[in-house]
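Listed here are the chains, written in short residue letters.
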Amino acid sequence: MTSEVEINNPYKNKMARIMVVDDEKDILRIIKRDLEITNEFQVEVFSSGHDALNSFKNHELGYYDVIITDIRMPRMNGFELYRHIKEMRPNTKIAFITAFEINKDEFTKVLPSIDVKDFIIKPIDMNDLIFKIKSMLAA
Amino acid sequence: MLSIVLSRINIFLLILVIGVGISLSILSYHYSGLTADQIGEIASNDIRSNAIIETDGLSKTLLHIIDPVSTNLEILSKIVNYSNIEGTSIIMDAVQNSTRSLTEGYYWIDENGKIVSISNVNSSIIASYSGIDLSNREYFVIPKETHASYYSSAIESIDKVPRLYISFPVLEGSNEVFKGVIVASIKIHELGRFLQSELAPQVAGNVGLMDKNGIIIYGSNPSLIGKYYLGEEFQSLVPEEIRGPYNSLLARSLKGSAGAEDLILFGGNKTTLTYQPVFIGGKYLWTLFVSSPHQLAAEVGVLINNQKNFSTLMILIIGAVALGIAFLILSWNKRLESAVNSRTIELKDANNSLLRYNKLLESANEKLSIHDKMQKEFINIAAHELRTPIMPILGDAIYLERQFEEGKTEVMVDREQVSSIIRNAKRLRRLASDILDITKIESQSLKLNKEQFNLNDIIQSSISDIKAQLLSSNPEQLENLTISYEPKDIFVFADKNRITQVIFNLLSNSVKFTEKGSVEIMIKSERDTTTDTTYVIVSIKDTGQGIDKDILPRLFTKFASKSFEGTGLGLFISKSIINSHGGKIWAVNNHDSGATFYFSIPQQ
C-alpha cells in the first residue's frame, strides 16, 4: 500500500506541508515530532483555530497540502475552522482528530453539512495518522 | 318522550309518518267512496232496470185481468134481452162468478138510468132499487153519448169505497139505438191488492195507478184515491224537497209514454219511479206506477260506507301504530344515542387519561432522554478528557521506546517530556477523582467527614497550590495576575477536604478566566436571624471575562462550562458538596468586569 501511495503521490519529490491545529500543546508537540521524524512531512502547528485560519489566509493556494484539526477547541472549534477554509478553498483536504466518543455515522447525523471523510480518534496511533495523510495526499 | 322529537330530523320523520298516514287515509277514503258510488250506481241501475221490467210485466197483468171484464161487458152488451131479463140475469151471474176476484158485480141499466138487473142479486131486491135513477152517472152518460165503452176513474160511492167502473153501451139494431148500459164495478182496493201481490218482492216497492187525467186510481195511501195529483191532499204528502221533480215526472208520465226516473229524497235515499201507460181497447187510459226505493243500493252504500270507515279506521290505526313504532324507534335511537354518547364520553375520558398518561410518559421520556443526553455528554466529555492526556504520555513513551529499539541502552529525555508526562498524568488523576465524585453524588453516597478547622488555612494553601500550578503551566499569567486575600481566622465544622476542593475549584476557575487582572478572596461570618444560624460566606471575585449569559442559569449543572480545559464537572461537584453541608452556592457577574462566586455554609 505504501509503495502504491508513493508511486501515485505527485508530491513525492517534495515534502508535504501539514497544518496541525489543537489546543493541547503536548499533543501538537508529539504530532509535529513524530511526523517530521519521517522526513516526509513539514509540519506547522497552531494551538487555536484563529491562528490557523490566519496562517491559511496568509499563504497561497496549495501551501498546505493537508490540514488536520482537533474538533473541541476554545473560541473557534474545528468545525468552524473547516467551514471557513472550505468557503475560501473548497478543495482543501481537511481531516478531523477528536477524543470524543463518537463514530462517523453519529458525526454525520449531528452535522450533516460537514462531509467527514477523514476522521481520526485520539489517542492517535502515529502509523495510522501517517497512512491517513498519505492517502489524502494521493486522493 | 316529547324530548325525543325535539331534534329537527326527528320532527321531520314524525311529520313524514303522519303525512303518509293521513294521505293514505284520505286516498283510501276517496277510493272507497268512488267504489261505493260505483257499486251504488250499479245497484241503482239494477234496481232501475228491474223496476222497468216489473212495471212492464205488471201493466200486462193489469191488462190481462181487465181484459176479461171488458170482454164480458162487450158480450153482455150485445146479448142483453129486455124480453128475457131472467135469462140475461143468469148469464150476468155466471159472468160475475168468472171475474169475482176483481169485480164486485155487473149492472144492467136501461136507457132511462134504471137498474134492470144486478149479478147475483135476486129480482125482488132489484125491484127495491126501482126508484134509483142512475141516468146522471158518468158510466151511463158517456156511453150513451159516445156509443163507446167507458172506463171511469176512481169514484167514491155512497159507502166510501172507491170503485172503478167500466161500462159498455147496449145498442140495438143497425141504427144503434141506445138501450142502456152494462156496467162492471171494480173495487179499487182489490185491484191494488192484486197488483201489489203481483209485484216481485225483490222490488220492495209500491204500486200506483193514475188515470190519464191525473186522478189517482190506486195508491198505497187509500185516502188519496180519487184525488187529483196536483190537488192539495196529494201535494201535502209529497216531501217538499222532491215536489218539483216529482210533479214534473208525473206530468211527463201522463203523456202516455213509459219511463223510469230516479228521485232523491231528503237524506240521500234514492227511489226509482217507473211508469208505464196502460192501453185498454187500444186507448190510453191509465198509467201504472211502481216506486222502487234503492234499499239495496242504500244498504250496499251503508256497507260500503262501513267498509270505507273501516278501512279508513284501519289505516288510521296502522298510521297510529306506525307512529308508535316511529316513536319507539326514535326513543330507541335516543337511548342508543345517549348510550353512544355516554360511551363516547367514557372513551373520551379514557382517551384523556391515556393522553395524560402519555404526557406523563412523554415527560418521563423527556427526562429520560435528557438524562440519556447528559449521560452521553458525560461519557463524551469523559472520553475526551481521558483520551486527551493519554496521547502525549503514550506519544513520548513510544518515542523513547523506539530509541531503545535502535540498540541504544540509554536515551536522552528532555525536561519537557517528563513535565508533559507528569502534567497529563495529573490531569488523568484529577479526572478520575471528578468522575468518582460524580458517581458518588449521583448514587447519593457522598459522605462528609466533618471536623473543626480554620478556613483561613485551606484558603491559604489553595492559593499556594494555584500559584504553583500556574508557575509550571503558565508563568506569564502569574506575572499578570494578583491573587489577594486578607487572612482571617474563621473556624467551621465541615468536611475539610471537600471544602478545600470547592475553594480550589472556584479559585482555579477564576484564574482560568482571568488572563490578566486580579482575583480577590474574602471570608466573613454572618448570622441569619430567621433561622438563628451563623453562616460562613466565602466570595471569590475576579476581573476576568465574566460568565456567559447563556451559561449563567445552568452554571452549576454538569458540563455547563464553556471552558475547553476542564471537565465541566467542577461547579456541579462544588454545588453538591455545599448543598450537602446545608449551604448555598451562587455566582453573579460584576458590574465592571468579571464574576464573583459565593458560597455559604453553616459555621457549626
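Residues numbered from 1 in each chain as written. Chains lettered and ligands numbered in written order. Predicted model: local features only at pLDDT ≥ 70, side-chain atom pairs only at ≥ 80, totals over all residues. Heavy atoms only, no water.

## Observations regarding the overall build of chain A
Piece 1. The helix and strand tally for chain A stands at six helices and five strands.
Piece 2. Within chain A, buried positions represent 51% of all 139 residues.
Piece 3. Once local pairs closer than 6 in sequence are excluded, the contacts in chain A between residues at least 24 apart make up 69%.
Piece 4. With an accessible surface of roughly 7000 Å², chain A has 50% of that area assigned to carbon and sulfur atoms. (Helix = DSSP H or I, 4+ residues; strand = E, 2+ residues; numbered from the N terminus. Buried < 20%, exposed > 50% of the residue type's maximum accessible area, 1.4 Å probe, protein only. Contact = heavy atoms within 4.5 Å. Areas by Shrake-Rupley, 256 points an atom, 1.4 Å probe, with all protein chains shown as cover.)

## Description of the overall build of chain B
Piece 1. Looking only at helices and strands, chain B features 13 helices and 17 strands.
Piece 2. For 604 residues, the compact-globule estimate of 2.2 N^0.38 gives 25 Å, and the C-alpha radius of gyration of chain B, at 75 Å, exceeds that figure by more than 25%.
Piece 3. The principal-axis extent of the C-alpha atoms belonging to chain B is close to 215 × 70 × 40 Å.
Piece 4. Taking all 604 residues of chain B together, the buried fraction comes to 41%. (Rg over C-alpha atoms; globule rule 2.2 N^0.38 Å.)

## Describing the sheet that holds strand β12 (residues 481–485) of chain B
The strands making up a sheet are joined through hydrogen bonds of the backbone, oriented either antiparallel or parallel.
All names here are of chain B.
Piece 1. What the five strands build is an open sheet, ordered β12-β14-β15-β17-β16; its pairing is mixed. Edge positions in the open sheet fall to β12 and β16 (584–589), since each of these has one partner strand only. Neighbour to neighbour, the strand axes of the sheet diverge by 15 degrees on average, direction disregarded.
Piece 2. Of the pairings in the sheet, the one linking strand β15 (residues 533–542) to strand β17 (residues 595–602) comprises seven bridges and is antiparallel in character. When the bridges of β17 are listed, Val536 appears paired with Ile601.
Piece 3. Each of β12, β14 (517–528), β15, β16 and β17 touches helix α12 (residues 496–513); the most contacted strand, β17, lies at about 170 degrees to it. (Pairing = 2+ DSSP bridges. Axes fitted to C-alpha atoms, helices over the stretch in contact; angles between N-to-C directions.)

## With respect to the interface of chain B and chain A
Piece 1. Taken together, the contacts link 25 residues of chain B with 23 residues of chain A.
Piece 2. Here chain B packs against chain A, burying approximately 2200 Å² in sum over the two surfaces, 55% of which is carbon and sulfur.
Piece 3. Our count for the chain B to chain A interface comes out at five salt bridges.
Piece 4. Of the charged contacts in the structure, one is a salt bridge between A:Glu24 and B:Arg427, with a shortest N-O distance of 2.7 Å.
Piece 5. On inspection of chain B and its partner chain A, the count reaches eight residue pairs in polar contact (both at pLDDT 80 or more).
Piece 6. Contributing elements (two or more residues each) for the side of chain B that touches chain A: α8 (295–405) and α9 (415–442) of chain B.
Piece 7. In terms of residue count, the dominant contributor to the side of chain B that touches chain A is α8(B) (16 residues).
Piece 8. Here the side of chain B that touches chain A is composed, by residue class, of eight nonpolar, nine polar and eight charged. (Buried area = accessible area lost by both parts, 1.4 Å probe. Salt bridge = Lys/Arg side-chain N within 4 Å of Asp/Glu carboxyl O. Polar contact = N/O pair within 3.5 Å; in protein donor to acceptor, adjacent residues only side chain to side chain. Nonpolar A, V, L, I, M, F, W, Y, C, P; charged D, E, K, R; others polar.)

## Considerations on the domain arrangement of chain B
Piece 1. Under the domain assignment used here, chain B contains domain 1 (191–297) and domain 2 (446–602).
Piece 2. Relative to domain 2 of chain B, the C-alpha centre of domain 1 of chain B lies at a distance of 144 Å. (Domains from an automatic or database assignment.)

## Looking at the pattern of salt bridges
Piece 1. With the rule as written, the count across this model stands at 23 salt bridges over all chains.
Piece 2. Across the salt bridge formed by B:Asp396 and A:Arg29, the nearest N and O atoms sit 2.7 Å from each other. One end of the pair, B:Asp396, is in helix α8; the other, A:Arg29, is in helix α2 (residues 25–36), on a second chain.
Piece 3. The class of B:Asp396 is buried, set by a relative accessible area of 0%.
Piece 4. Here B:Lys187 makes a salt bridge to B:Glu104, at a shortest N to O gap of 3.7 Å. Remark: B:Glu104 occurs in strand β1 (residues 103–110) and B:Lys187 occurs in strand β5 (residues 177–187); sequence separation between them is 83 residues.
Piece 5. Salt bridges linked by common partners bring A:Asp26, A:Arg29, A:Arg33, A:Asp34, B:Asp396, B:Glu416 and B:Arg423 together as one network.

## Topic: the pairing of strand β2 (residues 41–46) of chain A
Residue and element names in this part refer to chain A.
Piece 1. Across six bridges, the pairing between strand β1 (residues 16–21) and β2 is parallel. In the sheet register, Met19 faces β2, and the bridge partner there is Glu44.
Piece 2. In this fold, the crossover linking β1 to β2 by way of α2 has right-handed handedness. (Right-handed = clockwise from strand over helix to strand, strands pointing away.)

## Examining the environment of A:Met73
Piece 1. Inspection of the secondary structure assignment puts A:Met73 in the loop between β3 (66–70) and α4 (78–88).
Piece 2. As for A:Met73 and A:Val45, which are separated by 28 residues in sequence, their C-alpha atoms are 14 Å apart.

## Side note on the side chain of B:Ser420
Piece 1. Secondary-structure assignment places B:Ser420 in helix α9.
Piece 2. Apart from the residues within four sequence positions on either side, B:Ser420 is in contact with A:Asp26, A:Arg29, B:Pro392 and B:Asp396.

## Digging into the packing of helix α3 (residues 49–58) of chain A against α4(A)
Residue and element names in this part refer to chain A.
Piece 1. Between α3 and α4, the shortest axis-to-axis distance is 10 Å and the interhelical angle comes to 10 degrees. When the axis of α3 is compared with that of α4, the two are roughly parallel. Touching Gly49, Ala52, Leu53, Phe56 and Lys57 of α3 are Leu81, His84, Ile85 and Met88, all from α4.
Piece 2. Among the residues forming the contact of α3 with α4, the class breakdown is six nonpolar, two polar and one charged. (Parallel < 35°, antiparallel > 145°, perpendicular 65-115°, else oblique.)

## Some words on the sheet that holds strand β5 (residues 119–121) of chain A
All names here are of chain A.
Piece 1. Strand order in this open sheet of five strands is β2-β1-β3-β4-β5, and the pairing throughout is parallel. With one partner strand each, in any of the chains shown, β2 and β5 form the two edges of the open sheet. When the angles between neighbouring strand axes are averaged without regard to direction, this sheet yields 20 degrees.
Piece 2. Sheet topology note: the β1/β3 ladder contains four bridges and is parallel. In the sheet register, Met19 faces β3, and the bridge partner there is Ile67.
Piece 3. Relative to the sheet, α4 contacts β1, β3 and β4 (94–98), its axis offset from that of β4 by approximately 175 degrees.
Piece 4. Contacting β1, β2, β3, β4 and β5, helix α6 (residues 126–138) crosses the sheet at an angle of about 135 degrees to β3.

## A look at the packing of aromatic side chains
Residue and element names in this part refer to chain A.
Piece 1. Scanning all chains against the criterion turns up 13 aromatic pairs over all chains.
Piece 2. Lying across the ring of Tyr63, Arg17 places its NZ or CZ 3.7 Å from the centre.
Piece 3. Taking NZ or CZ as reference, Arg89 lies 4.7 Å from the ring centre of Phe56, over its face. (Phe/Tyr/Trp six-rings, centres within 6.5 Å; stacked < 30°, edge-to-face > 60°. Lys NZ or Arg CZ within 6 Å of the ring centre and 35° of its normal.)

## Some details on the nonpolar core
Piece 1. Among the nonpolar cores identified, the biggest contains 45 residues, and B:Leu455, B:Ile499, B:Phe597 and B:Phe599 are the most heavily contacted of them.
Piece 2. Setting aside residues no more than four positions away along its own chain, B:Ile499 makes contact with B:Phe453, B:Leu455, B:Ile458, B:Ala494, B:Ile578, B:His581, B:Phe599 and B:Ile601. (Core = buried A, V, L, I, M, F, W, Y, C linked by side-chain atoms within 4.5 Å.)

## Structural notes on the side chain of B:Thr514
Residue and element names in this part refer to chain B.
Piece 1. In this structure, Thr514 sits in the loop between α12 and β14.
Piece 2. Polar contacts involving the side chain of Thr514 include one to the main-chain amide nitrogen of Gly544, which spans 3.5 Å.
Piece 3. Beyond its immediate sequence surroundings of up to four residues, Thr514 is in contact with Gln477, Leu481, Val519, Asp542, Thr543 and Gly544.

## Things to note about unusual backbone geometry
Piece 1. The peptide bond linking A:Lys122 to A:Pro123 adopts the cis configuration, its omega dihedral lying at -5 degrees.
Piece 2. Locating A:Pro123 in the fold gives a position in the loop between β5 and α6.
Piece 3. With phi around 55 degrees, B:Asp532 is a residue other than glycine that occupies positive phi space.
Piece 4. With respect to the helices and strands, B:Asp532 occurs in the loop between β14 and β15.
Piece 5. Take B:Asp532: its relative accessible area is 53%, and that puts it in the exposed class.

## What about α2(A)?
Piece 1. For α2(A), which comprises 12 residues, the first-to-last C-alpha distance of 16 Å matches the rise-based estimate of 16 Å (1.5 Å per residue) to within 8%.
Piece 2. Within the span of α2(A), buried status applies to A:Asp26, A:Ile27, A:Leu28, A:Ile30, A:Ile31, A:Arg33, A:Asp34 and A:Leu35. (Expected span 1.5 Å × (residues − 1).)

## A closer look at helix α2 (residues 85–98) of chain B
Residue and element names in this part refer to chain B.
Piece 1. Helix length check: α2 (14 residues) gives 20 Å between terminal C-alpha atoms against 20 Å at 1.5 Å per residue, within 8%.
Piece 2. Turning to α2, its buried residues number three or more, namely Gly87, Thr88, Ser89, Met92, Val95 and Gln96.
Piece 3. Buried-residue contacts for α2 involve α1 (8–79), β1 and β2 (115–118).

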